[in-house]
Amino acid sequence: MEKAKFWVDFCLEADDEYGDGHVCHRYGFGIELTDEEFEELYQVCYDKFEVNGWSTVWEGHEALYDKIDDAARYALDKHLENEDPVYRNPLDVLWELSQETIDAF
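Worth saying up front: this structure is predicted, and the values here are computed from it rather than measured. (Residues numbered from 1 in each chain as written. Predicted model: local features only at pLDDT ≥ 70, side-chain atom pairs only at ≥ 80, totals over all residues. Heavy atoms only, no water.)

*Asks:* Would you explain the pairing of strand β4 (residues 27–33) in this entry?
*Replies:* Every other side chain in a regular strand lies on the same face of the sheet, so the side chains alternate between the two faces. Burial of the side chains of β4 is restricted to one face: Tyr 27, Phe 29, Ile 31 and Leu 33 are buried, whereas none of Gly 28, Gly 30 and Glu 32 on the reverse face is. Relative to β4, strand β1 (residues 2–9) runs antiparallel, the two being bridged by seven bridges. In the sheet register, Glu 2 faces β4, and the bridge partner there is Leu 33. (Buried < 20%, exposed > 50% of the residue type's maximum accessible area, 1.4 Å probe, protein only. Helix = DSSP H or I, 4+ residues; strand = E, 2+ residues; numbered from the N terminus. Pairing = 2+ DSSP bridges.)

*Asks:* Looking at this model, I keep getting lost on the packing of aromatic side chains. Mind explaining?
*Replies:* Within a pair of aromatic rings, the relevant descriptors are the distance that separates the centres and the angle that separates the planes. Taken as a whole and assessed by the stated rule, the structure comprises eight aromatic pairs. Measuring from ring centre to ring centre gives 5.1 Å for Phe 6 and Phe 29, while their planes differ by 15°; the resulting arrangement is stacked. Pair noted here: Phe 6 is in strand β1 and Phe 29 is in strand β4, with a separation of 23 residues, a long-range link. Given a relative accessible area of 2%, Phe 6 falls into the buried group. The class of Phe 29 is buried, set by a relative accessible area of 10%. A centroid spacing of 5.7 Å and a plane angle of 40° characterise the contact between Tyr 65 and Trp 95, whose relative ring orientation is tilted. A residue pair is termed long-range when its members are at least 10 positions apart, and Tyr 65 in helix α2 (residues 62–83) and Trp 95 in strand β5 (residues 94–97) qualify at 30 residues. In this structure Trp 95 comes out as buried when scored by relative accessible area, which is 0%. (Phe/Tyr/Trp six-rings, centres within 6.5 Å; stacked < 30°, edge-to-face > 60°.)

*Asks:* Is there a simple way to think about the side chain of Asp 69 in this case?
*Replies:* Structurally, the position occupied by Asp 69 is in helix α2. Engagement of the side chain of Asp 69 in a polar contact is seen with the side chain of Trp 95, the distance being 2.9 Å. (Polar contact = N/O pair within 3.5 Å; in protein donor to acceptor, adjacent residues only side chain to side chain.)

Just distances and angles here, no functional claims.
Below, the structure is given as structure tokens:
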């Protein structure tokens, strides 16, 4: 089992000259992945050079996407429940792989 860490939020922040956005680094979460799932995550990262829930193509990796997305939705809801309940259950749940996990590959 390997732990993968992600950032999750309901908004993006622009951070480069091309206008590409990244998740605000306010809320994080981690999930345990089997060795096979962690290897699959590595392959998605290697093939796409970024791993997120809004622009990464997950074709052929739908089960892994669903596992991460479900965990992201739960984590964001719990963070918002504790910090700002008025924003619970946001329409957009945006997540991306943390640099810490990318470095672990």
